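Listed here are the chains, written in short residue letters.
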Amino acid sequence: MSQTVCAYCGVGCKFELINHKLKGVKDYPSNQGMSCAKGISQSQTIHTNRLLEVHYRDSIEESFRPSTYEDSFQLIAEKIKQSTHPDKIGFYLSGQMLNEDYYVANKLAKGFVGTANCDTNSRTCMASAVVGYKKSFGMDYVPVRMEEIEHCHLMILIGANTAEAHVVLHNKIKKAQKKGLKVVVIDPRFTLTAQSADLYLPLKVGTDIDLLNLLAIKLIKEDQLDHDFIKEHSNYFNSYKEKLLALDEKVLLKSTQLSEEIFEAFYRLFKQSKNIITAWTMGINQSVQGVDKNLAINNLHILTGQINKKGSGPLSLTGQPNAMGGREVGGLSTTLAVHLDYSEENCQKVADFWKSDKIPKKNGLTAFEMIEKADQNGLDILIICHTDPVYHLPHRRFVEEAFKKIPLVIEINAYQGSETSKFAHILIPAVPFGEKEGTQTNLDRTLTRVVAFETKHGLLQDWEVFAQIGKHLGHEKAFDFRSSKEVFEEYQEMTKLSYRKHLDIYKAQYDDLEHTPFIWGETLYDQNHFLTPDRKANLFFIENQNLSEQPSQAYPFILLTGRTRDQWHTGSKTGYAENLLKYKALEFVEMNQKDAAAFQLNEGEIVKIVSSRGELKAKVVFADINPKTIFIPISHRDINYLTDDTLDPLSKEPDYNHSAVRIEKIESMIL
Ligand SMILES: Nc1nc2c(c(=O)[nH]1)N[C@H]1C(S)=C(S)[C@@H](COP(=O)(O)OP(=O)(O)OC[C@H]3O[C@@H](n4cnc5c(=O)[nH]c(N)nc54)[C@H](O)[C@@H]3O)O[C@H]1N2
Ligand SMILES: Nc1nc2c(c(=O)[nH]1)N[C@H]1C(S)=C(S)[C@@H](COP(=O)(O)OP(=O)(O)OC[C@H]3O[C@@H](n4cnc5c(=O)[nH]c(N)nc54)[C@H](O)[C@@H]3O)O[C@H]1N2
Ligand code: SF4
Ligand SMILES: [Mo]
């Protein structure tokens, strides 16, 4: 029976198709027969709300008129040739593209158009984890697998709401709890995940570094360290320790707004547990100190030697189904290809492999930086695939103005109605999950096949669109792929260029991947030899610098944004699935009842939420959330009119979770 893998989150649940319905595969390790409501709804959404025709217009003031693939490819190739510099051409990709789609897009952008300005929505998502792993351990490599939860004694979920965002993983965690696993949840909201925790820490938003530093101080003072590991396998312990111990414990605790009892309970659990996994997602990564927060987590695992033994380690939970694959292929603008960073030697290797002399020599612009370049009239063409940046980037009013300045915006989408399409000149249809095929890598390095079970109706898959543009530019041979398998095999060959051949995807077999997953890099940190030049892990002293937007008299609340269980971001698929429609009321704002009382707000009342950048309307819902903190789901279509566009200086990931806002009562709308 044909099997495929889910196109939503990074858990990567395997399905089989029975009578046009998807069902979890029982003996598949990532989901063991389980799936969530979103996952199985995908057999319905293959045909709803589809983009089925090429659309074209000269300017965004005009209406679209029908066009053809051929005309649009010719036009795009002409415009690329006419552009005065490759840097003026941007590619905006997505962690939801398959490896093959990513590979061809990256080859076209960096190999043959010659622009390094090729980034992905993973910049808004996993970039801080990528930089954190590279700094601490030398490589973008997740050193823990989901199945290790069974060997773990303490799981720390920090800034991650697995019950809504990684549903099947959450169920696995709950199962392990029945066998003795303890779970600590650290989140300013008492989330669905917190509800099943053994210990919940309602820390003040943005104070994770203070909490983690406090824990590290306590471990050092009570000598709960793994001295052998520190000595043999890590750098900078002495300077780290000296700086850390100069911090004032009382000040740190006060900053977190946690009680001493709760912190002590956390410390006791940490101290007593033999194997510890820390898992995190957007509450950590999406921050002006996102990299630092990652380093603070990695530090704890280095200090205690809680890494590279079964059931322990720092586990970044990848959000999108193939964000890991995108990182491997090299879709981020800070990587060239196959985990190779920009250097003279690497550029030469890639130039030889692709037989091209157009390889850019240094990092390109990141997602938001490309928009800033557009705002300076510096972008001629932006090609967007499988993502909706006008919707998902912060400070939307600025983003919209910048988009208006791009002479040619091309959107490749399988569905209609994206916010970006309002600013596009060409809409190119591509086939979605169900009709496309290839491979993707889930959050724990498991590579599997995505299998088509419906016909393509004459439409192209994402990689075919990029290959056609390449061919229309005159690079017939470089883009002469006949199938996803051929693309995969070229990509596999390229993985041999990776540092110490660590990205060993070249060992996989395309045909086998449908039924037998392949896990890359299984023994990468063998004997605690990391992939840093001296093969040791690095400790970094960091401090909470409170660089996020601070509340003020005019904007006294902090806005958190995030997921709801049954919607997927912009809702272009989940918004149309019948079994999910009853969960669709998304225009809500969660607030604490005491804060609501101070403003004389009732549950169900519509209020205006205002930041210095924009505003939206939302319905008040009471929730257990820290004082002066509110939450609005990202599926609220106007969410990013509010959010702050401050970026982490290293990862360039936006600080989505810490925007200062105020709440305004709408007098005429009181119920
Ligand atoms: N249902 C559903 N699932 C999804 C997605 C979806 O759209 N819908 N999207 C997928 C994607 S792409 C991603 S990236 C993941 C995201 O997965 P998660 O990050 O688990 O999801 P979020 O809802 O963004 O949760 C972030 C949590 O961090 C908390 N938080 C905010 N600020 C702080 C802070 O300063 N410190 C701490 N400790 N916590 C904080 C928030 O209250 C929130 O509970 O979900 C994936 N799964
Ligand atoms: N305020 C706030 N903003 C955020 C976040 C947050 O937490 N808060 N999170 C950020 C994060 S982590 C992420 S990952 C982003 C997600 O933001 P987006 O990537 O913009 O959101 P999606 O709805 O997943 O967009 C996927 C797009 O791909 C299209 N599509 C579906 N299948 C196919 C296909 O096969 N081919 C093509 N070409 N298109 C297809 C869909 O119709 C949809 O338009 O949002 C970011 N923005
Ligand atoms: S948990 Fe994630 S991968 Fe599994 S079915 Fe749900 S959305 Fe898909
Ligand atoms: Mo994400």
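Per an unreviewed UniProt entry, the chain goes by the name Molybdopterin-dependent oxidoreductase and belongs to Sulfurovum xiamenensis. For the chain, the Sequence similarities (unreviewed entry) comment in UniProt is given as "Belongs to the prokaryotic molybdopterin-containing oxidoreductase family. NasA/NapA/NarB subfamily."

Draft legend 1. Molecular detail of the overall build of the chain. Within the chain, the secondary structure is distributed over 23 helices and 26 strands. Taken over C-alpha atoms, the radius of gyration comes to 24 Å for the chain, in line with the 26 Å a tight globule of 671 residues would show. Principal-axis analysis of the C-alpha atoms places the extent of the chain at approximately 65 × 65 × 50 Å. Taken over 671 residues, the chain has a buried fraction of 64%. Taking the intrachain contacts of the chain between residues at least 6 apart in sequence as the baseline, contacts between residues at least 24 apart amount to 75%.

Draft legend 2. Representation of the site of ligand 1. Taken together, 33 residues form the shell around ligand 1, and within it Ala165, Asp187, Asp208, Arg563 and Gln567 come nearest. Within the backbone of Glu164, an N or O atom sits 3.0 Å from a nitrogen atom of ligand 1. In this structure, Gly206 approaches ligand 1 through a main-chain N or O atom, which is 2.8 Å from an oxygen atom. Look at ligand 1: alone it shows 910 Å² of surface, and the protein chains cover 99% of it. Listing elements by their share of the shell around ligand 1, those giving two or more residues are helix 6 (162-165), helix 14 (282-285) and strand 21 (557-562). Among the residues making up the shell around ligand 1, the classes are represented as 12 nonpolar, 14 polar and seven charged.

Draft legend 3. Layout of the site of ligand 3. Near ligand 3 the following residues occur: Cys6, Tyr8, Cys9, Gly12, Cys13, Phe15, Cys36, Lys38, Gly39 and Val168. More than half of the atoms of ligand 3 fall within 2 Å of the grid points belonging to the largest cavity. Here the shell around ligand 3 is composed, by residue class, of seven nonpolar, two polar and one charged.

Draft legend 4. Helix 7 (residues 167-178), seen in detail. For helix 7, spanning 12 residues, the distance from its first C-alpha to its last is 17 Å, which sits close to the expected 16 Å at 1.5 Å a residue. Among the residues of helix 7, Val167, Val168, Leu169, His170, Lys172, Ile173, Ala176 and Gln177 are the ones counted as buried. Against helix 1 (37-40), strand 8 (154-158), helix 6, strand 9 (182-186) and helix 8 (192-195) lie the buried residues of helix 7. Of the residues one or two after helix 7, Gly180 is the one with positive phi, at around 115°.

Draft legend 5. Here's a closer look at the UniProt feature "domain: 4Fe-4S Mo/W bis-MGD-type" (unreviewed entry) in the chain. Summarizing the sequence annotation, UniProt attributes the feature "domain: 4Fe-4S Mo/W bis-MGD-type" (unreviewed entry) to residues 1-48 in the numbering used throughout. This span, residues 1-48, is 17% helix and 25% strand, and a straight line between its end C-alpha atoms measures 25 Å.

Draft legend 6. Structural context of the state of the cysteines. Taken as a whole and assessed by the stated rule, the structure comprises zero disulfides. In this structure Cys385 is a free cysteine whose sulfur lies 10 Å from that of Cys118, the closest cysteine sulfur available. The class for Cys385 is buried, based on a relative accessible area of 0%.

Draft legend 7. Here's a closer look at the domain arrangement of the chain. When cut into domains, the chain gives domain 1 (50-124 + 321-406 + 418-431 + 456-503), domain 2 (127-317) and domain 3 (557-670). Computed from C-alpha coordinates alone, the two centres of domain 1 and domain 2 are separated by 35 Å. Between domain 1 and domain 2, the residue contacts involve 10 residues of the former and nine residues of the latter. Note on domain 1 versus domain 2: buried area summed over both sides is about 760 Å², and carbon and sulfur give 54% of it. The three residues of domain 1 that bury the most area against domain 2 are Thr124, Arg327 and His339, which together make up 49% of that side's buried surface. Between the two partners, domain 1 and domain 2, sit two salt bridges. Note that Arg327 and Asp140 form a salt bridge whose closest N and O atoms lie 2.7 Å from each other. On the surface where domain 1 and domain 2 come into contact, there are four residue pairs in polar contact (both at pLDDT 80 or more). Classifying every residue of the side of domain 1 that touches domain 2 gives three nonpolar, four polar and three charged.

Draft legend 8. View of the pairing of strand 3 (residues 21-24). Of the two faces of strand 3, only one is covered, namely that formed by Leu22 and Gly24; the face formed by Lys21 and Lys23 stays uncovered. If you look at the hairpin formed by strand 2 (residues 14-18) and strand 3, you'll find two residues sitting between the two strands, and Asn19 has a positive phi there, around 45°.

Draft legend 9. Up close: the sheet that holds strand 18 (residues 446-450). One open sheet accounts for three strands, arranged 17-18-19; its pairing is antiparallel. Strands with a single pairing partner mark the edges of an open sheet, and in this sheet they are strand 17 (438-441) and strand 19 (518-519). Bridge analysis of strand 17 against strand 18 gives four bridges, and the strand direction is antiparallel. Across the sheet, residue Thr439 finds its bridge partner in strand 18, namely Arg449. Sheet strands in contact with helix 4 (residues 99-113) are strand 17 and strand 18, and its direction is about 95° off that of strand 17.

Draft legend 10. A look at unusual backbone geometry. The phi angle at Asp223 is positive, at roughly 50°, despite the residue not being glycine. Asp223 sits in the partly exposed class, given a relative accessible area of 48%.

Draft legend 11. Molecular detail of the nonpolar core. The biggest cluster of nonpolar side chains holds 157 residues, and the ones touching the most others in it are Phe91, Phe266 and Phe466. Split by domain, this core shows at least three residues from each of two domains, domain 1 (50-124 + 321-406 + 418-431 + 456-503) and domain 2 (127-317). Those residues in contact with Phe466, other than ones at most four positions away along the chain, are Phe91, Leu93, Met97, Asp101, Val104, Ala105, Leu108, Ile383, Cys385 and Ile412. Listed in part, the 22 residues of the second largest apolar core include Leu382, Leu393, Ala424 and Leu427.

Parameters and conventions
Residues numbered from 1 in each chain as written. Chains lettered and ligands numbered in written order. Predicted model: local features only at pLDDT ≥ 70, side-chain atom pairs only at ≥ 80, totals over all residues. Heavy atoms only, no water. UniProt positions renumbered as here; feature names shortened; annotations may be inferred. Helix = DSSP H or I, 4+ residues; strand = E, 2+ residues; numbered from the N terminus. Rg over C-alpha atoms; globule rule 2.2 N^0.38 Å. Buried < 20%, exposed > 50% of the residue type's maximum accessible area, 1.4 Å probe, protein only. Contact = heavy atoms within 4.5 Å. Near = heavy atom within 4 Å. Polar contact = N/O pair within 3.5 Å; in protein donor to acceptor, adjacent residues only side chain to side chain. Areas by Shrake-Rupley, 256 points an atom, 1.4 Å probe, with all protein chains shown as cover. Nonpolar A, V, L, I, M, F, W, Y, C, P; charged D, E, K, R; others polar. 1 Å grid on protein atoms, 1.4 Å probe; cavity = no way out; pocket = protein on both sides within 12 Å on 5 of 7 lines; lining within 4 Å. Sits in = over half its atoms within 2 Å of the grid points. Expected span 1.5 Å × (residues − 1). Disulfide = S-S within 2.5 Å. Domains from an automatic or database assignment. Buried area = accessible area lost by both parts, 1.4 Å probe. Salt bridge = Lys/Arg side-chain N within 4 Å of Asp/Glu carboxyl O. Pairing = 2+ DSSP bridges. Axes fitted to C-alpha atoms, helices over the stretch in contact; angles between N-to-C directions. Core = buried A, V, L, I, M, F, W, Y, C linked by side-chain atoms within 4.5 Å.

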